[in-house]
Amino acid sequence: MLRHLYRTVNLFDTAKSALFLCFLAGCSGQSGGGAPARGLIYYETYDPRSLDPALSTDVPTGEMVTLLFDGLTQFDPDGRLLPGLSDRWTSDRKGQRYVFHLRPGVSFHDGRPLVAADVQRSFLRVLNPASHGGRVWPLLPIAGGGDFADGRARDVRGMEVLGDTAIAFTLTEPLAIFPKFLAMPVASVVPSSVPDDFGQRPVGTGAWRFVGWQHDDYLRFARNSGYWGGAPLSESLTVRIIPEALTRAAEFLSGRISVVEIPFGETVRWEQEHPDWLKRKAALRAVYVPLNNRRGPLRDPRVRQAINHAVNVPEILRTVWNGRGALAAGAIPPTLGGSDPSRRPYAYDTTEARRLLRSAGYPNGFSVQLWRSGTNVEMGRVAQAIQSQLAAVGIRVEIVSRDASSMREAVRKGDTDMAITDWWADYPDADNFLYPLFHSASFGPGGNYAFYSDRVTDSLIVLARRTVDQSAREALYARIDNRIFDAAPWLYLWFAVDLWAEHPSIAGWDVPAIFNGQRWTKVRVAARR
């Protein structure tokens with residue numbers, strides 16, 4: 001992920017920054033709750049790449065873009081799809097042509113009225129091969145989008161402006177979840193003409209207006225009183241850049257940030273000392289070990305099933321991961337439609353594991369490598385626990401520790417036997433845990449790190465993507481997930497549960513299930529609870 005270069009320190013700017021933050025926090029040196037903050041204060045772990053939606057490639061950038069801009073659709077904190085700049089949309093029976101109608105009376109922060117041509121130009125700007133854009137995949141389903149992005153076409157034939165108030169999209173093939181793609185930050189709408197420094201001085205339609213950005217220190221936003229969705233309850237929102245987890249926790253206890261994610265090592269202490277402040281939410285994040293289906297013994301599904309039976313996942317979740325997860329009985333998080341709550345995880349059963357290994361021709365086990373990122377302490381401990389438990393059934397595991405980028409490259413190339421990793425949802429739909437992770441078109445860089453290949457699975461995934469009826473599509477998701485689970489392309493571990501604390505002076509904040517689902521509009525500084 002890219003970061004801005006650190007600027008030369010200016011003592012006057014530093015003093016202004018300290019004074020500003022002191023004012024927001026009430027300048028209290030107290031701990032254990034401190035004085036209530038006078039404004040909303042959030043944080044990021046590093047500086048956003050830009051505030052330009054076209055350059056949205058990482059979480060901090062995406063979260064900041066979500067404050068300032070709107071898409072045609074949007075997600076709420078629970079991951080539900082809601083209308084955005086479009087108050088309604090229709091599609092044909094196949095789900096291949098969509099018409100989005102703009103809500104009336106929306107203006108950009110500088111007063112310019114929103115019109116449908118702004119949507120078209122925003123999307124062309126993202127896809128433009130001459131620009132250094134972000135992740136363009138949400139717009140590639142539009143007919144001609146890929147050709148335009150690759151420089152093979154001069155326009156995107158699948159976009160049609162229908163006057164000032166509507167825009168139509170024709171897709172290359174039916175895609176029932178296309179409206180969810182348009183809720184991604186990169187699909188946010190910007191004015192038709194933007195200056196060169198737009199990423200540093202953005203103008204959107206969002207709930208918050210840009211005020212200032214002191215790089216690697218803080219960003220400041222002010223309430224958009226004319227916001228179409230209702231003005232935020234607070235007058236201001238500050239986002240501080242605080243890289244260290246323990247520093248963030250200390251700042252929270254001193255009343256200098258409004259919410260904080262609890263560090264793993266501090267879970268028990270916070271549960272004991274501040275239980276009333278804590279908020280939990282099941283995250284759309286799978287923690288798992290892809291088993292390379294093209295390498296050695298791992299080609300045999302009986303071996304992969306044996307690995308799942310040989311690892312005591314509930315014990316590892318409890319002792320290593322502090323219980324912050326829900327056991328996985330498939331790849332679809334339990335909060336998403338298509339997850340089957342009746343399916344049971346692989347049982348911890350070393351007798352069954354040995355039987356499967358014998359039937360596969362490995363009565364004495366075999367040797368494999370398990371790759372891990374050397375910078376992720378928790379994942380490293382999970383890897384050690386897996387190594388110990390697989391040894392009990394004769395599977396000898398060598399742990400290979402590499403930096404995150406080297407590990408990612410090796411996994412994508414298929415050079416690893418096993419690797420402990422996780423998958424965060426880009427959009428809240430089971431498709432995001434099936435198409436990228438298990439379709440054969442997604443091998444390697446696309447997300448299918450297990451190199452799982454099955455023609456029936458491929459066809460069912462494509463069918464689900466084309467199924468407009470929600471209940472029928474979710475039934476297909478469950479069928480696909482069950483088929484994959486039986487083939488055991490992963491060592492299934494758990495879905496993470498986020499644990500945050502909300503300061504006693506704050507009311508109305510909710511942990512977002514998806515990274516761009518929290519706009520802070522309903523959050524306010526309240527009387528001390």
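Structure's up top.
Structure report, in brief. (Residues numbered from 1 in each chain as written. Predicted model: local features only at pLDDT ≥ 70, side-chain atom pairs only at ≥ 80, totals over all residues. Heavy atoms only, no water.)

Right, let's get into the layout of surface pockets. The rolling of a water-molecule-sized probe over the atoms marks out the regions of remaining empty space. In this structure, the second largest pocket spans a volume of roughly 370 Å³. Class assignment of the residues belonging to the lining of the second largest pocket gives a composition of 8 nonpolar, 7 polar and 4 charged. (1 Å grid on protein atoms, 1.4 Å probe; cavity = no way out; pocket = protein on both sides within 12 Å on 5 of 7 lines; lining within 4 Å. Points joined across faces, edges and corners; volume = space filled by probe spheres on them. Nonpolar A, V, L, I, M, F, W, Y, C, P; charged D, E, K, R; others polar.)

Turning next to empty space enclosed by the protein. For the coordinates displayed, the defined rule picks out 1 cavity of 30 Å³ or more. Counted as a void, the largest cavity has a volume near 50 Å³. Thr 66, Phe 69, Asp 70, Gly 71, Thr 73, Gln 74, Ala 183, Met 184, Pro 185, Ser 188, Asn 516 and Arg 519 together form the lining of the largest cavity. A class-by-class count of the residues in the lining of the largest cavity yields 4 nonpolar, 6 polar and 2 charged.

This part takes up the nonpolar core. Ranked by internal contacts, the top residues of the largest apolar core, which has 74 residues, are Leu 72, Phe 123, Ile 142, Phe 169, Phe 178, Leu 182 and Trp 490. Beyond its immediate sequence surroundings of up to four residues, Leu 72 is in contact with Pro 83, Gly 84, Leu 85, Ser 86, Phe 100, Leu 102, Val 119, Phe 123, Ile 167, Phe 169 and Leu 182. Counting residues in hydrophobic clusters, the runner-up holds 41 residues, among them Leu 219, Phe 221, Leu 237 and Val 260. (Core = buried A, V, L, I, M, F, W, Y, C linked by side-chain atoms within 4.5 Å. Buried < 20%, exposed > 50% of the residue type's maximum accessible area, 1.4 Å probe, protein only. Contact = heavy atoms within 4.5 Å.)

Among the structural elements, Phe 108 can be located in the loop between strand 5 (97-102) and helix 3 (116-127). When the C-alpha atoms of Phe 108 and Ala 501 are compared, they prove to be 34 Å apart, with 393 residues separating the residues in sequence. (Helix = DSSP H or I, 4+ residues; strand = E, 2+ residues; numbered from the N terminus.)

On to the pattern of salt bridges. Tallied over the entire structure, the rule returns 28 salt bridges. Taking the shortest distance from any N to any O, the salt bridge between Arg 112 and Asp 110 comes out at 2.7 Å. The closest approach of N and O atoms between Arg 269 and Glu 273, which form a salt bridge, is 3.0 Å. Of this pair, Arg 269 and Glu 273 both sit in helix 7 (residues 267-273), 4 residues apart, which is roughly one turn of that helix. (Salt bridge = Lys/Arg side-chain N within 4 Å of Asp/Glu carboxyl O.)

Mapped onto the elements of the fold, Ser 86 is located in strand 4 (residues 86-91). Judged by relative accessible area, which is 0%, Ser 86 ranks as buried. Side-chain polar atoms of Ser 86 contact the backbone oxygen of Arg 88, separated by 2.8 Å. There is a polar contact of 3.0 Å between the side chain of Ser 86 and the backbone oxygen of His 101. (Polar contact = N/O pair within 3.5 Å; in protein donor to acceptor, adjacent residues only side chain to side chain.)

The next point concerns helix 11 (residues 377-391). For helix 11, with 15 residues, the first-to-last C-alpha span of 22 Å sits near the 21 Å given by 1.5 Å per residue. Those residues of helix 11 lying buried are Met 379, Gly 380, Val 382, Ala 383, Ala 385, Ile 386, Gln 389 and Leu 390. Here helix 11 starts with a cap whose side-chain oxygen sits 3.3 Å from the backbone nitrogen of Glu 378, and that cap is Asn 376. (Expected span 1.5 Å × (residues − 1).)

On to the sheet that holds strand 9 (residues 218-223). A sheet is described by the order of its strands in space; here 4 strands give the open sequence 1-10-9-8, paired in mixed fashion. One side of each edge strand has no neighbouring strand; the edge strands of this open sheet are strand 1 (40-44) and strand 8 (208-214). Within the sheet, the average angular offset between the axes of one strand and its neighbour, ignoring direction, is 20 degrees. Examined bridge by bridge, strand 1 and strand 10 (residues 236-241) share 5 bridges and lie parallel to one another. Along strand 10, the bridge assignment pairs Tyr 43 with Arg 240. (Pairing = 2+ DSSP bridges. Axes fitted to C-alpha atoms, helices over the stretch in contact; angles between N-to-C directions.)

Scanning the entire structure with this criterion turns up 30 aromatic pairs. Between the aromatic rings of Phe 181 and Tyr 427, the centroid separation amounts to 5.0 Å while the plane-to-plane angle is 55 degrees, which identifies the pairing as tilted. Pair noted here: Phe 181 is in helix 5 (residues 178-181) and Tyr 427 is in the loop between strand 17 (421-424) and helix 13 (435-438), with a separation of 246 residues, a long-range link. Judged on exposure class, the residue Phe 181 and its partner Tyr 427 are both buried. A ring pair is formed by Tyr 362 and Phe 366, whose centres lie 5.5 Å apart and whose planes are at 65 degrees; its orientation type is edge-to-face. Taken together, the aromatic side chains of Tyr 288, Tyr 346, Phe 438, Tyr 452, Phe 485, Trp 490 and Tyr 492 make up a single cluster linked through ring pairs. Cation over ring: Arg 294 sits above Phe 443, and NZ or CZ is 5.3 Å from the ring centre. In this structure, Arg 343 packs its charged tip against the face of Phe 485, placed 5.8 Å from the ring centre. (Phe/Tyr/Trp six-rings, centres within 6.5 Å; stacked < 30°, edge-to-face > 60°. Lys NZ or Arg CZ within 6 Å of the ring centre and 35° of its normal.)

As a further point, take the packing of helix 8 (residues 301-310) against helix 10 (residues 350-359). Interaxial distance between helix 8 and helix 10 falls to 8 Å at its minimum, and their mutual angle equals 165 degrees. What the angle tells us is that helix 8 and helix 10 run roughly antiparallel. The way helix 8 lies across helix 10 gives a crossing that is left-handed. The residues of helix 10 that touch helix 8, namely those facing Arg 302, Val 303, Gln 305, Ala 306, His 309 and Ala 310, are Thr 350, Glu 352, Ala 353, Leu 356, Leu 357 and Ser 359. By residue class, the composition of the contact of helix 8 with helix 10 is 6 nonpolar, 4 polar and 2 charged. (Parallel < 35°, antiparallel > 145°, perpendicular 65-115°, else oblique. Left-handed = near helix turned anticlockwise from the far one by under 90°.)

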